[in-house]
Amino acid sequence: MASAYDGATRQFIMYGGETAAGAPLSDTWSWTGSTWTQLHPKARPPALAGEVMAYDAAKRQLLLFGGLNVDGTVQTSTWLWTGSIWQALKTSASPSGGLEPSLAWDAASNQLVLFGGITGTQTVEDQTWTWTGTNWQLAAPATSPPGLGGASMAYYPPTQNLILFGGTENYGVANLDTSNETWAWSGTNWVKQSPATVPASRFAATCAYDAASFQMILIG
C-alpha cells in the first residue's frame, strides 16, 4: 500500500496494498480528515503491493512507482495522479528496484529521491535516483548504503536531510537480514550516521516528520 498527501488537489491519497490473503489491490481512496472515500478513476495502475508514492512539491505532482503485480512480477512503471485519474508516464530511464524501494521528497534539493528496491530477480539495489518531473535520473554518490529494500525514508527539516533507516539486504530468503543503520542524504551523497540510540532492525516500517513535535516518528 502506498499513501501520500497531494498538495495540488489537497487530498490524502492511498493506493493498492494487499488483502489479508496477500492478493494485491487496485483501490484508490482519499482521506477527508474524518472519513475515507473510495474513488473510482477510469484509468488506474494494475493491482499492486509494495509500491511507493510521494508528492513532488516543485512540479506539483503526486507520483506512484513500482510494485508487485498479481502474477508475482515486479513492475517499474511510473504513474501520475491528476486528481481524478491515474496517468501512466513514459520515461526513457527507470529504476529497476520496483518492489519496496524508498521514495521521498527532498525539500533541500527540491526533488524526489528514490533509493534501492528489489528487482524481479530478487536482487536488492543500491542505486539512488532523482525525478526531474518527466524522467528518472541516476545519481552517482561517492558513498552509499548497501542495497536495501523496504527501508524507511523521510525528510528531516532540522538538518535539511533525507533520513533512511532499516530495510533488508537479502529479500527472498526464509529469514530477512534486516538492518538498523541510519543514513542521511546530503543532496549529492549518502553519509552514515551514528546515533547513540537506534530502533531495532526492521523491514517495511513507516516513518514521517512530525512538525508539531519537531521529531521523526518511526512505527512498525
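Keep in mind the model is a prediction, meaning the values are calculated, not measured.

Caption draft 1: Broad picture of the overall build of the protein chain. Across its full length, the protein chain carries zero helices and 18 strands. A compact globule built from 220 residues would reach a C-alpha radius of gyration of about 17 Å, and the protein chain, at 16 Å, matches this within 12%. When its C-alpha atoms are laid out on the principal axes, the protein chain stretches across 50 × 40 × 35 Å. Accessible area for the protein chain stands at about 10600 Å²; split by element, carbon and sulfur atoms hold 51% of it. The centroid of the 8 positive side-chain charges in the protein chain is displaced by 13 Å from the centroid of its 14 negative side-chain charges.

Caption draft 2: How the structure looks around the layout of surface pockets. Reported here for the largest pocket is a volume of approximately 1100 Å³. What lines the largest pocket is a set of 43 residues, among which S3, M53, L103, M153 and T206 lie closest to the centre. Breaking the lining of the largest pocket down by element, the ones donating at least two residues are β1 (2–6), β5 (52–56), β9 (102–106), β13 (152–156) and β17 (206–210). The residue makeup of the lining of the largest pocket, split by class, is 31 nonpolar, nine polar and three charged. Roughly 250 Å³ of volume is contained in the second largest pocket. Around the second largest pocket, the lining residues are S152, I163, F165, T182, Q193, P195, T197, V198, P199, C207, M216 and L218. Among the elements of the structure, β14 (161–165) and β18 (215–219) are those that each provide at least two residues to the lining of the second largest pocket. Among the residues making up the lining of the second largest pocket, the classes are represented as eight nonpolar, four polar and no charged.

Caption draft 3: How the structure looks around the pattern of salt bridges. In the structure shown here, the tally under the stated rule is one salt bridge. A salt bridge links E181 to K192; its shortest N-O distance comes to 3.1 Å. In this pair, E181 is assigned in the loop between β14 and β15 (182–185) and K192 in strand β16 (residues 190–192), connecting sequence segments eleven residues apart. Overall, the relative accessible area of 25% leaves E181 in the partly exposed class. For K192, a relative accessible area of 47% gives the class partly exposed.

Caption draft 4: Inspection of the sheet that holds β15 at higher detail. In space, the four strands of this open sheet follow the order β13-β14-β15-β16, with antiparallel pairing throughout. The open sheet has two free edges, formed respectively by β13 and β16, since each of these has just one partner strand. Strand-to-strand, the axes of this sheet are offset by a mean angle of 25°, without reference to chain direction. Pairing between β15 and β16: three bridges, direction antiparallel. Each residue of the ladder has a partner; that of W183, found in β16, is K192.

Caption draft 5: Highlighting the environment of E181. Along the chain, E181 and Q75 lie 106 residues apart, while their C-alpha atoms are 27 Å from each other. For E181, the residues in contact, after removing those within four places along its chain, are P146, L164, F165, G166 and K192.

Caption draft 6: A look at the sheet that holds strand β11 (residues 128–131). Taking strand neighbours across the sheet as the criterion, the four strands line up as β9-β10-β11-β12 in an open arrangement whose pairing is antiparallel. Two strands in the sheet have a free side with no partner beyond their single neighbour: β9 and β12 (136–138). Strand-to-strand twist of the sheet, defined as the mean angle between neighbouring strand axes without regard to direction, takes the value 30°. In terms of strand pairing, strand β10 (residues 111–115) meets β11 through four bridges, oriented antiparallel. Note on β11: the bridge partner recorded for L112 is W131.

Caption draft 7: Representation of the environment of A2 within the structure. Following the sequence through the fold, A2 ends up in strand β1. A C-alpha to C-alpha distance of 5.4 Å links A2 and M53, two positions 51 residues apart in sequence. Among residues more than four places away in sequence, those in contact with A2 are I13, M14, Y15, E51, V52 and M53.

Procedures and definitions
- Residues numbered from 1 in each chain as written.
- Predicted model: local features only at pLDDT ≥ 70, side-chain atom pairs only at ≥ 80, totals over all residues.
- Heavy atoms only, no water.
- Helix = DSSP H or I, 4+ residues; strand = E, 2+ residues; numbered from the N terminus.
- Rg over C-alpha atoms; globule rule 2.2 N^0.38 Å.
- Areas by Shrake-Rupley, 256 points an atom, 1.4 Å probe, with all protein chains shown as cover.
- Lys, Arg positive; Asp, Glu negative; His and termini not counted.
- Charge placed at Lys NZ, Arg CZ, Asp CG, Glu CD.
- 1 Å grid on protein atoms, 1.4 Å probe; cavity = no way out; pocket = protein on both sides within 12 Å on 5 of 7 lines; lining within 4 Å.
- Points joined across faces, edges and corners; volume = space filled by probe spheres on them.
- Nonpolar A, V, L, I, M, F, W, Y, C, P; charged D, E, K, R; others polar.
- Salt bridge = Lys/Arg side-chain N within 4 Å of Asp/Glu carboxyl O.
- Buried < 20%, exposed > 50% of the residue type's maximum accessible area, 1.4 Å probe, protein only.
- Pairing = 2+ DSSP bridges.
- Axes fitted to C-alpha atoms, helices over the stretch in contact; angles between N-to-C directions.
- Contact = heavy atoms within 4.5 Å.

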